[in-house]
Amino acid sequence: MNALPLLTLLALAQTPAPPMPTQETAAAAAQEPGGRILLAPKLGFFKTTTPLSGAFFLGAEAGYLTPLLGNRLAIVAEFNFHQPQVSGTLSDPQLPADAPYTLTEREMAILLSAVYRFEGTLLEGTLTPYVGAGPGLYLHRAETEAFGSTYTESATTVGFQLLGGAEYKLGPGGIFAEVHYHFTRVDFLTTGDVNLGGFLAAGVGYRLHL
């Protein structure tokens with residue numbers, strides 16, 4: 001009798017079965033990042049805490065999802081730009097007539113934030129809330145048009161931002177919506193000593209995970 005088939009059956013019978021997934025391993029798998037490099041454009045609406053009007057906000061971010069805190073802490077660099085303005089009329093008894101003016105404040109910001117992502121906590125891991133904060137460098141240029149001339153002031157200030165949002169998994173990344181609060185002070189002749197930061201509302205974009 002040929003013993004080879006019998007030996008093969010015995011060897012297969014002694015091979016251990018693969019372990020069944022547990023809740024712990026499933027949770028660990030849910031926290032594994034799809035990619036550690038994060039890239040995203042942003043578009044939103046920004047309103048300062050001054051009489052300046054609201055303005056469209058453009059931004060871009062590049063981040064790295066670190067292994068810290070269970071693959072939930074990201075370090076994110078961000079660049080953004082907005083240009084609010086305000087118009088009015090200067091009235092003074094010393095002026096021969098009321099003089100219209102327009103003040104435009106161009107602001108570019110370079111920010112570095114620590115962002116905590118609540119990975120795998122909502123909707124079976126498809127929705128990821130996050131919060132963050134960090135310092136920023138703000139570049140300001142204020143142009144005032146009045147009396148037929150243009151007056152320009154510029155300054156570089158430091159400040160900080162707070163942010164919060166949520167990202168919904170879609171394709172190789174996720175769509176997201178977020179809000180920001182910025183704080184940075186300037187002391188221009190045209191604005192006085194004010195906080196030119198404010199709130200970014202309804203910021204949206206698509207974040208790619210590589």
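Everything numeric in this text was worked out from a predicted model, so none of it was measured.

Caption draft 1: Seen up close, the overall build of the protein chain. A count of helices and strands for the protein chain gives three helices and 11 strands. Moving toward the C terminus, one meets the helices and strands of the protein chain in the order α-α-β-β-α-β-β-β-β-β-β-β-β-β. Out of the 210 residues in the protein chain, the part that is buried amounts to 35%. Restricting to contacts in the protein chain with at least 6 residues of sequence separation, those with at least 24 account for 59%. Summed over all atoms, the accessible surface of the protein chain reaches about 12,100 Å², with 69% contributed by carbon and sulfur.

Caption draft 2: Highlighting the environment of Ala133. Within the secondary structure, Ala133 is located in strand 6 (residues 127–146). Note on Ala133: relative accessible area 34%, which makes it partly exposed. Beyond its immediate chain neighbours, meaning those up to four positions away, Ala133 contacts Leu112, Ser113, Ala114, Gln161 and Leu162.

Caption draft 3: Representation of the layout of surface pockets. Its boundaries defined by the atoms lining it, the second largest pocket holds a volume of some 220 Å³. Taken together, 12 residues form the lining of the second largest pocket, with Val86, Tyr101, Leu103, Thr190 and Thr191 sitting closest to its centre. Among the secondary structure elements, those contributing two or more residues to the lining of the second largest pocket are strand 4 (85–90), strand 5 (99–117) and strand 6. Tallied by class, residues from the lining of the second largest pocket come to eight nonpolar, four polar and no charged.

Caption draft 4: Examining unusual backbone geometry more closely. Phi at Leu123 takes a positive value of approximately 50 degrees, unusual for a residue other than glycine. A positive phi is found at Glu124, a non-glycine position, where the angle reads about 55 degrees. By the element assignment, Glu124 lies in the loop between strand 5 and strand 6.

Caption draft 5: Expanded view of the packing of aromatic side chains. All told, the structure shown has three aromatic pairs when counted by the stated rule. With 5.7 Å between their ring centres and 25 degrees between their planes, Phe160 and Phe183 make a pair best called stacked. Highlighted residues: Phe160 in strand 7 (residues 149–170) and Phe183 in strand 8 (residues 173–183), separated in sequence by 23 residues. Given a relative accessible area of 37%, Phe160 falls into the partly exposed group. The partly exposed category is assigned to Phe183, whose relative accessible area is 28%.

Caption draft 6: Region of the structure containing empty space enclosed by the protein. One pass over the full model with this rule turns up one cavity of 30 Å³ or more. Empty space within the largest cavity amounts to approximately 110 Å³. Glu61, Val76, Val115, Leu163 and Arg207 are the residues nearest the centre of the largest cavity, which is lined by 16 residues in total. Elements supplying a minimum of two residues to the lining of the largest cavity: strand 1 (37–48), strand 3 (73–82), strand 5 and strand 7. For the lining of the largest cavity, the element with the most residues is strand 5, which contributes five residues. For the lining of the largest cavity, a count of residues per class yields eight nonpolar, two polar and six charged.

Caption draft 7: Representation of the confidence of the model for the protein chain. Per-residue pLDDT for the protein chain has a mean of 84; in total, 79% of the residues score no lower than 70. The lowest-confidence element of the protein chain is helix 2 (residues 23–31), averaging 44 in pLDDT; the highest-confidence one is strand 3, averaging 96. Low pLDDT (under 50) marks residues 23–31, which in the prediction has three contacts with non-local residues, meaning those over four places away or in another chain.

Caption draft 8: Representation of the side chain of Thr104 within the structure. Mapping Thr104 onto the fold places it in strand 5. A residue is classified by how much of its surface remains accessible, and Thr104, at 13% relative accessible area, is buried. Separated by 3.3 Å, the side chains of Thr104 and Gln85 make a polar contact. Beyond its immediate sequence surroundings of up to four residues, Thr104 is in contact with Gln83, Pro84, Gln85, Arg141, Ala142 and Glu143.

Calculation rules
Residues numbered from 1 in each chain as written. Predicted model: local features only at pLDDT ≥ 70, side-chain atom pairs only at ≥ 80, totals over all residues. Heavy atoms only, no water. Helix = DSSP H or I, 4+ residues; strand = E, 2+ residues; numbered from the N terminus. Buried < 20%, exposed > 50% of the residue type's maximum accessible area, 1.4 Å probe, protein only. Contact = heavy atoms within 4.5 Å. Areas by Shrake-Rupley, 256 points an atom, 1.4 Å probe, with all protein chains shown as cover. 1 Å grid on protein atoms, 1.4 Å probe; cavity = no way out; pocket = protein on both sides within 12 Å on 5 of 7 lines; lining within 4 Å. Points joined across faces, edges and corners; volume = space filled by probe spheres on them. Nonpolar A, V, L, I, M, F, W, Y, C, P; charged D, E, K, R; others polar. Phe/Tyr/Trp six-rings, centres within 6.5 Å; stacked < 30°, edge-to-face > 60°. pLDDT = per-residue confidence, 0-100. Polar contact = N/O pair within 3.5 Å; in protein donor to acceptor, adjacent residues only side chain to side chain.

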